Amino acid sequence: MTSFHPDQVTAERLAGGPHQAPADLGADGSLNEDPATRSALVLNNRSLHEITEIVCGYAENAPGKWWLPTFALTATVAGVGTLMILYLIITGVGVWGLNNQVGWAWDITNFVFWIGIGHAGTLISAILCLFKQKWRTAVNRAAEAMTIFAVMCAGIFPAIHVGRIWFIWFVFPIPNYNYIWPNFRSPLLWDVFAVSTYATVSLLFWYMGMIPDFATLRDRADKRLRAGSGTCKLSVHCPITGIKLLGFPCSADRIRAFLYGLFAVGWSGSSRHWHRYETAYLILAGISTPLVLSVHSIVSFDFATSVIPGWHTTIFPPYFVAGAIFGGFAMVLFLLIPARELFPNFKDLLTLRHLENMAKILLTTGMMVGFAYSMEFFIAWYGGNRYEVETFINRAFGPYAWAYWTMISCNVISPQVFWSRRMRTDPRVIWIVALLVTIGMWFERFVIIVSSLHRAFLPGEWGMYFPTPVDILTFAGSCGVFLTMFLLFLRFLPVFPMAEIKAIMPQGDPHGHAGGHGDHDDHHEGGH
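Residues numbered from 1 in each chain as written. Predicted model: local features only at pLDDT ≥ 70, side-chain atom pairs only at ≥ 80, totals over all residues. Heavy atoms only, no water.

### Let's talk about the overall build of the chain
Within the chain, the secondary structure is distributed over 18 helices and 2 strands. For the chain, the residues scored as buried account for 49% of the 528 residues in total. The long-range share in the chain, meaning contacts at least 24 apart out of those at least 6 apart in sequence, stands at 77%. Approximately 25,300 Å² of the chain is accessible, and the part contributed by carbon and sulfur atoms is 68%. (Helix = DSSP H or I, 4+ residues; strand = E, 2+ residues; numbered from the N terminus. Buried < 20%, exposed > 50% of the residue type's maximum accessible area, 1.4 Å probe, protein only. Contact = heavy atoms within 4.5 Å. Areas by Shrake-Rupley, 256 points an atom, 1.4 Å probe, with all protein chains shown as cover.)

The following block contains the structure:
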């Protein structure tokens, strides 16, 4: 804590006298604990023009040497997953480790895992927007992108787990001569509507926020075209003789101007456009907020409405929602902390204060998840159902105990290091905990599904589940798809919302010392 008393700071500010900065500002100057002063959310006194140059530079300039090998690796893993899905369709679900006892296993575990990962984007963007939390501006765009990609990966598994994927159209309410209609009372069909609604609203919310930034990138590319720069010659040579086979002029800026202009949908930055944009953004934030609670609650109904011991409990909806937020924030940190080190000037926009705030959320939601774990045992004992009790004893001490205690160690124990301020402000520690939480949340879904199924009511029906290489590589392929799309997002789309970041800077405050007129000559470029 700073040694300055808040009354002293306030008195000096009101008197117009010099005010000494607090002493304890952390490694990057963003960890001010003085309640009388706010920490800067953008470091190094960046001007509005510099914000435009930094954010647009990620999409316009060549990435670092690390990007292409990383992209090739993730794309290769995604390709392996695609081959496994093709092999599954040709051969059948017998290539998975499913059996009569465990009909739901690896595939539904992955589905629930990816749906949970997608929750942090909507939480950061919508709920924190409604609560006017300004620190969200550094992470909301990447979190929204993560939401879209995670939902796309989640959609893979319900489609392929039906076995005969060419009959997947039976799940849709399409009239047919066989009179085969979906059972609208089934939570599995509720998933179709809930997840598709969530994906649609999240996509609109993500796209709506990028429209002003698309216009900025469009105008910058058009400006360079008018200046006659940015044209290059694209040619193809024979790999053996080196003879030029094909050559034609191309302009990267011409492609940028067309594509960014197409997605900017005629944005001009007028006051009418801004008014409609802010209204639509607020409406979408209001629509998205209940989706955070409803979508994973409906996913939990897949289990809670059954009579299987370990599933049939009313704690599942809030338990799943807390776990989804927990795992989603962990994935945001897992992805953005390396980006913070690899991209230039990223640390100026994603500060230690942002990381500390998210670490606090991890600690809070981790304790909520730990409370849910303990309440499951209490309710099993309090309910007096011997099958329920045996299910949870089997989880903790049965053949899948290693998975249960991995879940406890990663989800409950590892976030406790964030009680230390030193730990929750160290990016290396935060990244390790985020990785452990991501692993632990996958094991949570595995424990819930497999440990409740592999031992049914009769001992004669007991059996073990073991994943096959096809199971494992299919999940690895979905991870490759997710990371590949995220790398493309970092390379070609605006990673930060430029307009929102500028609005929280001193230059964007009309009542501040800058009066909104500092860097006046920089407002013309990137002012969208």
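### Quick look at helix H16 (residues 427–453)
Between its first and last C-alpha, H16 extends 39 Å over 27 residues, near the 39 Å set by a 1.5 Å rise per residue. Counting buried residues along H16, 21 of its 27 residues qualify, which places the element largely inside the surrounding structure. A side-chain oxygen of the first residue of H16 lies 3.0 Å from the backbone nitrogen of Arg428; this N-cap is Asp426. (Expected span 1.5 Å × (residues − 1). Polar contact = N/O pair within 3.5 Å; in protein donor to acceptor, adjacent residues only side chain to side chain.)

### Some details on the pattern of salt bridges
Scanning the entire structure with this criterion turns up 19 salt bridges. Where Arg220 meets Glu53, a salt bridge forms, and the shortest distance between an N and an O atom there is 3.0 Å. Remark: Glu53 occurs in helix H2 (residues 48–60) and Arg220 occurs in helix H7 (residues 187–226); sequence separation between them is 167 residues. You can call Arg220 buried: its relative accessible area is 7%. Here Asp222 ties to Arg226 by a salt bridge, and the two come within 2.8 Å at their closest N and O atoms. Remark: Arg226 and Asp222 occur in helix H7; sequence separation between them is 4 residues, near one turn of the helix. According to the relative accessible area criterion, Asp222 is partly exposed, its value standing at 30%. Each of Glu53, Glu60, Arg220, Arg224, Asp253 and Arg256 takes part in one network of salt bridges that share partners. (Salt bridge = Lys/Arg side-chain N within 4 Å of Asp/Glu carboxyl O.)

### Describing the nonpolar core
When a protein is soluble and globular, its nonpolar side chains tend to lie buried together. Among the nonpolar cores identified, the biggest contains 135 residues, and Trp114, Phe149, Phe303, Phe346, Phe482, Phe489 and Phe496 are the most heavily contacted of them. Ranked by residues supplied to this core, first place goes to helix H10 (residues 316–342) with 16 residues. Apart from the residues lying within four places of it in its own chain, the contact partners of Phe482 are Trp114, Met146, Phe149, Ala150, Cys153, Met331 and Leu335. (Core = buried A, V, L, I, M, F, W, Y, C linked by side-chain atoms within 4.5 Å.)

### Observations regarding the packing of helix H6 (residues 140–160) against helix H17 (residues 469–492)
For the pair H6 and H17, interaxial distance at closest approach is 10 Å and the crossing angle is 150 degrees. Classed by the angle they form, the pair H6 and H17 counts as roughly antiparallel. Along this stretch, H6 crosses H17, giving a crossing that reads as right-handed. In contact with Arg141, Ala142, Ala145, Met146, Phe149, Ala150, Met152, Cys153, Phe157 and Ile160 of H6, H17 contributes Thr474, Phe475, Ser478, Val481, Phe482, Met485, Phe486 and Phe489. Residue classes in the contact of H6 with H17 are distributed as 15 nonpolar, 2 polar and 1 charged. (Axes fitted to C-alpha atoms, helices over the stretch in contact; angles between N-to-C directions. Parallel < 35°, antiparallel > 145°, perpendicular 65-115°, else oblique. Left-handed = near helix turned anticlockwise from the far one by under 90°. Nonpolar A, V, L, I, M, F, W, Y, C, P; charged D, E, K, R; others polar.)

### Let's talk about unusual backbone geometry
The residue Asn45 is not glycine, and still its phi comes out positive at about 50 degrees. Along the polypeptide, Asn45 turns up in the loop between helix H1 (6–15) and H2. By relative accessible area, Asn45 is classed as exposed at 76%. Even without being glycine, Lys132 reaches a positive phi, approximately 55 degrees. The topology assignment puts Lys132 in the loop between helix H5 (119–130) and H6.

### Some thoughts on the packing of helix H4 (residues 106–117) against H16
Contact pair H4 / H16: the axes reach a minimum separation of 9 Å and the direction vectors enclose 135 degrees. Judged on the interaxial angle alone, H16 and H4 are oblique. In the packing of H4 onto H16, the handedness of the crossing is right-handed. Of H16, the residues touching H4 (which contributes Trp106, Ile108, Thr109, Asn110, Val112, Phe113 and Gly116) are Thr438, Met441, Trp442, Arg445, Phe446 and Ile449. Of the residues contributing to the contact of H4 with H16, the split by class is 8 nonpolar, 4 polar and 1 charged.

### Describing the environment of Ile472
Mapped onto the elements, Ile472 comes out in helix H17. Among the residues examined, Ile472 registers a relative accessible area of 42% and is labelled partly exposed. C-alpha of Ile472 to C-alpha of Trp96: the two residues are 376 residues apart in sequence and 9.3 Å apart in space. When neighbours within four sequence positions are excluded, Ile472 is seen to be in contact with Trp106 and Pro467.

### Some thoughts on H2
For H2, with 13 residues, the first-to-last C-alpha span of 18 Å sits near the 18 Å given by 1.5 Å per residue. With 11 of 13 residues buried, H2 lies mostly within the body of the structure. Listed in full, the buried residues belonging to H2 are Leu48, His49, Ile51, Thr52, Ile54, Val55, Cys56, Gly57, Tyr58, Ala59 and Glu60. Elements in contact with the buried residues of H2: H7, helix H8 (252–264), helix H11 (346–349), H17 and helix H18 (498–503).

### With respect to the side chain of Ser297
Inspection of the secondary structure puts Ser297 in helix H9 (residues 271–304). Overall, the relative accessible area of 13% leaves Ser297 in the buried class. Filtering out sequence-adjacent residues up to four positions away, Ser297 remains in contact with Pro317 and Val321.

### As for the packing of aromatic side chains
Summed over all chains, the structure comprises 48 aromatic pairs. Pairing Phe214 with Phe263 gives two aromatic rings, centres 5.8 Å apart and planes at 35 degrees, and the pair type is tilted. One end of the pair, Phe214, is in helix H7; the other, Phe263, is in helix H8, and 49 residues separate them in sequence. A connected cluster of aromatic rings, assembled from ring pairs, spans Trp106, Phe113, Trp114, Tyr400, Trp402, Trp442, Phe443, Phe446, Tyr465, Phe475 and Phe482. When the ring centre of Trp462 is taken as reference, the NZ or CZ atom of Arg455 above it lies at 4.5 Å. The ring of Phe492 carries the charged tip of Arg491 above its face, separated from the ring centre by 5.0 Å. (Phe/Tyr/Trp six-rings, centres within 6.5 Å; stacked < 30°, edge-to-face > 60°. Lys NZ or Arg CZ within 6 Å of the ring centre and 35° of its normal.)

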